[in-house]
Structure formats: structure tokens, C-alpha cells
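# Coordinate analysis (summary)
Residues per chain, in single letters:
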Amino acid sequence: MVPVNKKTKAAILAATCAVFALVLAAALLLSRGAGSDRVRSGEHPLRISEYMSANVAYPNADGRVCDWIEIHNTSDKPFNVSGYRLSDDVTQAKYAFPVGTVIPADGYIVVYCDPEAAGALYAPFSLRRLGGETLLLMNSANTVLDKVETLRCRKETSAVREADGGFTISVSPTPGYANTEEGYAAYLAASGQGTGALRLSEIMAAETLFTAPNGALCDWIEIENTGSETADLSGMHLSDKAGEARYTFPEGTLLAPGAFTVVWCSGDGTEGADYAAIRLAKAGESVILTDADGSTLDRIQTPFLADDTAYARVSGEWCVTNRPTPGYANTDGGYDAFAAERGFGNVAVKITEVCLRSETTLRDADGDYPDWIELYNAGTESVSLDGWYLSDDSEEPVRWRFPDITLAPGEYRVIFASGKNRTQGELHTDFALSAGESVVLTTPIGSTADCVELIQTEPDASLALIGTDWRECASPTPGKANG
């Protein structure tokens, strides 16, 4: 072993300390970037509660339309966030809260993400609509308090934190408010939306059944006057894009108390006071009602809407419905009134017999014994079934379409429920029947003419309407009166 004198030992010790100091300094410098990986999500009272990465229609108080991140103070005391930081980059902290910034107990604060804006609550970065980013919330020492991997968001949707800590996409953004229906209502009220007498009440974005007054198939937007006085809509606007008036109500447009008006969205240059050059997207988008000065009166983001379903305000809450009522209240009574106005109020064609376990009851042209459905015209006039539908699912009533056939008064007609899907000669639906399903007869405007719930029967027995009661019948009578 080579002997080491005291001077050499001292030099080695000094070099070791210097290296240690350099390593420690490097670690401290790195820690001042994006913070440590000690993510204590759920332990700290501050958390990222909502973000919006594809905002094109929700302006903030400064009138700017930009992305944003919401922070929630989940504690029961005010929290001073002076110097706390936000970033979308794990290598650097991009935004710091100004000195004196306090989030109230169980309160929220919104930071707007706009590189072109200057202000205390503007962060110098934007969010990616496609998601895949990492949002970091850090304290003044760059310790990570919350970490969120962003989701892909469609336009006008936000990502909200659920009770289990995960995020889901919402069509009702609530910047600065709780992620609840009550929070959404409070946000609309605070921004002056949806609280006046005039409000959006129903929207159709994929109309294939009933036509506008000009005979064309059009999407439509319905507006309701919930007030006690006649409203003057002159100069007010409808749009599917913020800051752009796509339709203007003509001078002299009045709406009585409790009444509804419909604007038909032709998407082209159709002339007429009630036609707008707007084409609504069934995948979902914003619908905005503004006054003559452009101030928002009401706004709604529609979800995906299947063909012939509407987004309707029912008892104060928005929901998807397959019972559209353009120009009428979104109630059972409104639906009946709409059907009557279209000529389908008292429908004479009824389902009178159904066989769902046919083995030998009625043979088709192929020599098979499929299930079958019997219709009867109980009226005094012939009824064209062109454009009517049969289905085995009440949630999908527009399924198998009738060809251009007519039922004379007192006439029966049998349709095989075989799955063979034939509309020439012998009629066959594209579905078969099973217990637990329903047989639904639907008119050309989408209203339900009749519906029968199917229960299990014995083989070759039928469910028959006798008088006003449905009974299991051991001796079916396809094409003839039941009894």
C-alpha cells in the first residue's frame, strides 16, 4: 500500500466535498425546472379539476376565447398560491401565480392558456386538442402537487375530474365552478346565459323523417319564451360559431309567452324568414343565441346525435330524445300535439297479433315458418304505409321501412319477422323476435303508432289483441280477426 501523508488526505477530502457540492448544486438547479417526481396527487388540497383544450366559443371576462386550466382548493380554508406554478412541460415551470393570489375555501381559480395575452391569470402556453400532454401543478419550491395526462377533446368540450380522481369529457364546461349540473347552471347564470325569458329548448342535427314547411329535410333549432310577456326577437342572432351571426331574426319577429319558434337550418341559401344558412353537425357543436348587440342569451353544446334524435330541455335538464317536438313543449302532451298537427294524432293502424315462437303456424314462400307480426287498419280510410317503420327495439324505432303499400279500411296485413329483409311481394323484416323485446310501429314523422312488449309464449302460440287486452292465444289467426 502506498503511504498517504496528511496533505494528500486533506486534498482528497477537499476534492470529494467539491464533487458532492457540484452534484448537489446540479440537483438543485434541475429541481428549479419542472419540479421533482414526488407527485402527491390526492394528498394536497390543491388539484387540477378541469381543463379545456379546444375552446372556440366560451369567452372569458376579457372577451378572449382561449384554453384554460381550473384549480380547485378542496380544503375548508383559503389557500395562498403566491409563487405556485403551472406548466405543460416537465422540463420547465412556465407560469407562476402572482403574489397575493388566494383561492377561497372549496373554491376555484382559472388560469387562461394564451401565449399572446398578458395578465396575471394568463399562462404563456396553449393546450393541445389531441391531448397527450402532461399538466403539472407545483408549489413555489417546484414540488409537484398534481400531475394530469391530458385527454383528446372535441371542440367546446372540457375534461373534468370525477370523484375517483380520473378525468372524463364533458359537454358542459364549468370554468370556476363545480363540475356538476348545479355548477353548470351557476356558470351560465354568472355569464348571463340561459337565465332570461328566451332560451334554446330543442335542437335536431340529423333529421331524416319529417320535412320543413318548404318540403325539404332540414335540421332545426327551437327557441322558447318562458316569460310572461311577448318577446321581440327582431335583430337577435343564432349561430354555431362564437362571434359570428349566422342567422338574424327579421324585424317584427314576436314570440308570445309560453310559445315556441323553430328556425330551419337548411345549410344553403334557402330564402325565407325561418331558414338559416347553418348546417348542424350530428357529432356535436355549439348552438348560440345572442341579442342584437351580440351578447349571449343562451348557449348549449350538443352531444353526438343519432339520426332523428333531438337534444331537448326537459324539466330544466338537457337530454337526448327520440320524441322530437319542433314548435311544441317537450312533454308527452307536446308530443301528442305535434303528431296531431302532422296528421298522425289518432293513428288507425295498430299491431293486433304477434307470433314469436312460430314452428308451424304460417309458412313463407321459402317453406320456412318465421315469426310474424299482424297489422290492422281500424279506420274508415285507407292508410299508406310508405315511410312507416317496424322495429324490435324501442330505443331504435326507425329500423325496417315499409315499402309503398296501402291498408284499406278493415284490412289485415302480415309481415314476417324473419331477418330476410324483403320489401317486394311477401314482406320480411330485417330482424327476428324474442321475448323481452318490443314490437314498435313508427309513423313517417317518428311518432309511435303502437308498441307491444313481448313475453314468452308456448311454441306456435301468439300474443293477440282481443278487445283491449293482450292475451296468449293457442290458435293464432294471422290475417284474420282475433277471437
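### A short note on the sheet that holds strand S10 (residues 144-149)
The strands making up a sheet associate through hydrogen bonds between their backbones, and the pairing can be parallel or antiparallel. Strand order in the open sheet made by the four strands is S5-S4-S9-S10, with antiparallel pairing throughout. At either margin of the open sheet sits one strand with a lone partner, and together these are strand S5 (95-96) and S10. Relative to S5, strand S4 (residues 85-87) runs antiparallel, the two being bridged by two bridges. Bridge pairing in S5 links Leu86 to Tyr95.

### Here we look at the pairing of strand S11 (residues 158-161)
Where a strand is regular, its side chains alternate between the two sheet faces. In S11, alternate side chains face the same way, and those of Ser158 and Val160 on one face and Ala159 and Arg161 on the other are all buried. Of the strand pairs in this sheet, strand S1 (residues 46-52) and S11 are connected by two bridges, and their pairing is antiparallel. If you follow Glu50 over to S11, its bridge partner there is Val160. Pairing of S11 with strand S12 (residues 167-170) involves four bridges; the strand directions are antiparallel. What sits directly across from Val160, in S12, is Thr168. The turn linking S11 back onto S12 is made up of five residues, and Gly165 within it adopts a positive phi angle of 95°.

### Digging into the nonpolar core
Ile373, Leu375, Trp388 and Phe402 are the most contacted members of the largest nonpolar core, which totals 41 residues. For this core, the secondary structure elements donating two or more residues are strand S19 (260-265), helix H3 (332-341), strand S25 (349-355), strand S26 (371-377), strand S28 (389-391), strand S31 (412-417), strand S32 (438-442) and strand S33 (448-453). Per element, the largest residue contribution to this core is three residues, and it comes from S25. In contact with Leu375, other than residues within four places in its own chain, are Val349, Lys350, Ile351, Thr352, Leu385, Phe402, Leu407, Glu411, Tyr412, Arg413, Ile415 and Leu441. One finds Tyr58, Cys66, Leu238 and Ile278 within the second-largest nonpolar core, a separate group that totals 37 residues.

### Observations regarding the confidence of the model for the protein chain
Residues at a pLDDT of 70 or more form 90% of the protein chain, whose mean pLDDT is 88. Here residues 19-41 is modelled with pLDDT under 50, and outside its nearest four sequence neighbours on either side it reaches 34 contacts, counting other chains as well.

### Re the pairing of strand S13 (residues 198-204)
Most of S13 is tucked away: six of the seven residues are buried. By the bridge criterion, six bridges tie S13 to strand S14 (residues 219-225) in an arrangement that is antiparallel. Its bridge partner being in S14, Leu200 is matched across the sheet by Ile223. Two elements, S13 and strand S23 (residues 310-314), share three bridges in a ladder whose sense is antiparallel. The residue of S23 that forms the bridge with Glu202 is Ala312.

### Thoughts on H3
All buried positions along H3 are accounted for by Gly334, Tyr335, Phe338 and Ala339. Taken end-on, H3 shows its buried residues confined to a sector of 135°, consistent with a single buried face. Among the structural elements, S33 are those in contact with the buried residues of H3. Trailing H3 by a residue or two, Gly343 shows a phi angle of about 90°, which is positive.

### Some words on the environment of Ala449
Tracing the chain through its elements places Ala449 in strand S33. The buried category is assigned to Ala449, whose relative accessible area is 8%. Those residues in contact with Ala449 that lie beyond four places of it in its chain are Val347, Val349, Lys350, Trp388, Leu441, Thr442 and Thr443.

### Description of the packing of aromatic side chains
Within the structure shown, the criterion is met by 13 aromatic pairs. Taken together, the ring pairs connect Phe210, Trp220, Tyr328 and Phe338 into an aromatic cluster.

### Focus: the sheet that holds strand S22 (residues 296-301)
An order of S17-S16-S21-S22 is seen for the four strands of this open sheet, with the pairing classed as antiparallel. The strands lining the two open edges of the sheet, one partner per strand, are strand S17 (247-248) and S22. Relative to S17, strand S16 (residues 237-239) runs antiparallel, the two being bridged by two bridges. By the bridge assignment, His237 is partnered in S17 with Thr248.

### Description of unusual backbone geometry
Phi is positive for Asp106, which is not a glycine, with a value near 50°. Considering the arrangement of structural elements, one finds Asp106 in the loop between strand S6 (102-103) and strand S7 (108-113). Under the relative-accessibility criterion, Asp106 is labelled partly exposed at 48%. Notably, Ser315 is not glycine yet its phi reads approximately 55°, a positive angle. Summarising the element assignment, Ser315 is placed in the loop between S23 and strand S24 (317-321).

Rules and cut-offs
Residues numbered from 1 in each chain as written. Predicted model: local features only at pLDDT ≥ 70, side-chain atom pairs only at ≥ 80, totals over all residues. Heavy atoms only, no water. Pairing = 2+ DSSP bridges. Helix = DSSP H or I, 4+ residues; strand = E, 2+ residues; numbered from the N terminus. Buried < 20%, exposed > 50% of the residue type's maximum accessible area, 1.4 Å probe, protein only. Core = buried A, V, L, I, M, F, W, Y, C linked by side-chain atoms within 4.5 Å. Contact = heavy atoms within 4.5 Å. pLDDT = per-residue confidence, 0-100. Arc of directions from axis to C-beta. Phe/Tyr/Trp six-rings, centres within 6.5 Å; stacked < 30°, edge-to-face > 60°.

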